[in-house]
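# Residue-level structural notes
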Amino acid sequence: MSHTQFNRIARSVLATSLGAGFVTTIASIGTPAIAQTVPVPQTIASDRPTPSPEIPQGEIAAATTSLTRVYSHSWRNKPAATLYIRSIPVLTFLNSQSAAKTTSSSTDSTEAALTPVQRATDAANRFNALNGEDLDASALTVGWNSDREAYLITLNDEELAAIDETTILPDTTRDLTQDALQATNRLRRLLGNARPLQTNEIALRPEPIVPEQAVDNVIRTQRGIASWYGPGFHGRRSASGERFNQNAMTAAHRTLPFGTRVRVINRNNGRSVVVRINDRGPFIRGRVIDLSVGAARKIGMYGSGIAPVEVEVLGR
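Right, let's walk through the structure included here. Predicted model, so just to flag it, every value in this text is computed and none were measured. (Residues numbered from 1 in each chain as written. Predicted model: local features only at pLDDT ≥ 70, side-chain atom pairs only at ≥ 80, totals over all residues. Heavy atoms only, no water.)

With that settled, the discussion passes to the packing of aromatic side chains. We describe a pair of aromatic rings using the distance from one ring centre to the other and the angle between the two ring planes. This model, assessed by the stated rule, comprises five aromatic pairs. Ring plane angle 70 degrees and centroid distance 5.1 Å describe the contact between Tyr71 and Tyr84, whose orientation is recorded as edge-to-face. Taken together, the residues Tyr71 in strand β4 (residues 68-75) and Tyr84 in strand β5 (residues 78-85) connect sequence positions 13 residues apart. Comparing Tyr71 with Tyr84 shows no difference in burial state: the two are buried. An aromatic cluster is defined as three or more aromatic residues linked by ring pairs; in this entry it consists of Tyr229, Phe233 and Phe244. We note Arg280 situated over the ring of Phe258; from NZ or CZ to the ring centre the distance is 4.2 Å. One Lys or Arg, Arg297, reaches over the ring of Tyr302 and ends 4.5 Å from the middle of that ring. (Phe/Tyr/Trp six-rings, centres within 6.5 Å; stacked < 30°, edge-to-face > 60°. Helix = DSSP H or I, 4+ residues; strand = E, 2+ residues; numbered from the N terminus. Buried < 20%, exposed > 50% of the residue type's maximum accessible area, 1.4 Å probe, protein only. Lys NZ or Arg CZ within 6 Å of the ring centre and 35° of its normal.)

Printed below as a string of structure tokens:
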């Protein structure tokens, strides 16, 4: 074969090989031609774990363990991080520096200064420490803490997480009570396959506000001065036998039967709230009803302490 014929054949082989995804090189220095094939590099898909569809795509922000994983992402254009336990999203930590409440607690202040990733990583470390222990997941409970205005998830009275405005369920229900309950039940299942808790098992759960249109007609009315009470009585037994919750929509009255619902109207501003009578009082001359802290805030008399009111008895 002549040198010219060989070059023609080589060019033909090169063109065909490129179409098949390979590069062909030719060695022809004083020896017969040898074709060497080299694969063209292909794009390799990332082996990084992909977050759940409910969570925006993000970066792994903490070392992955057999139990936990933390992802950083954004939430409403602000930094956030989500903690996964056994590949299930359990808690999302939001930007606490702008949303956290002012608190006198140095612990809470330190917590508020941390980034979402740092807070999520701290939580992951707490759960990692439990891994391998003889954990009784049925001891995981949740209850309302009125001082912090948050639901605390605890294990044998030790706090594991707090559900509030800065820590939510990843697929939030937009209801703090339900977020807390679902997060707790996920932890109970993932850490020990314990049965789920029911809403009525949440300790000191604030009562839902009764819609104004859902109440009965007014039976009778009463005018006088309202006051409020809460600190020092929160969590203690009321005269009706139930535990007093200063954030619930309840009140004390001297004579109305327990369970009676009344509408209390602040005559200074016209604001009103429907409460349930579950305690006795007030025992100061001229005062007709003693509201819980939550009810007092609802009608704008928390700061003043007392206010002239009209009490509408609505029945049970």
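Our focus in this paragraph is helix α5 (residues 176-192). When the terminal C-alpha atoms of α5 are compared, their 24 Å separation across 17 residues agrees well with the 24 Å that a helix rising 1.5 Å per residue should span. Where burial is concerned, most of α5 is hidden: twelve out of the 17 residues are buried. Among the residues of α5, those classed as buried are Thr177, Asp179, Ala180, Leu181, Ala183, Thr184, Asn185, Arg186, Leu187, Arg188, Leu190 and Leu191. The backbone nitrogen of Thr177 lies 2.9 Å from a side-chain oxygen of the residue at the head of α5, namely Asp175. (Expected span 1.5 Å × (residues − 1). Polar contact = N/O pair within 3.5 Å; in protein donor to acceptor, adjacent residues only side chain to side chain.)

Take the pattern of salt bridges next. The final tally for this structure, using the stated rule, is six salt bridges. Residue Glu201 pairs with Arg195 through a salt bridge whose shortest N-O separation is 2.7 Å. On the basis of relative accessibility, which here comes to 34%, the residue Glu201 falls in the partly exposed class. Here Arg223 and Glu310 are joined by a salt bridge, their closest N and O atoms 3.1 Å apart. Placement of the pair is Arg223 in strand β11 (residues 220-229) and Glu310 in strand β16 (residues 306-315), with a sequence separation of 87 residues. (Salt bridge = Lys/Arg side-chain N within 4 Å of Asp/Glu carboxyl O.)

Locating Gly300 in the fold gives a position in the loop between α6 (293-298) and β16. Along the backbone, Gly300 and Ser272 are 28 residues apart, and their C-alpha atoms lie at a distance of 9.0 Å. Non-local contacts of Gly300, meaning those with residues more than four positions away in its chain, are made with Asn266, Asn269 and Arg271. (Contact = heavy atoms within 4.5 Å.)

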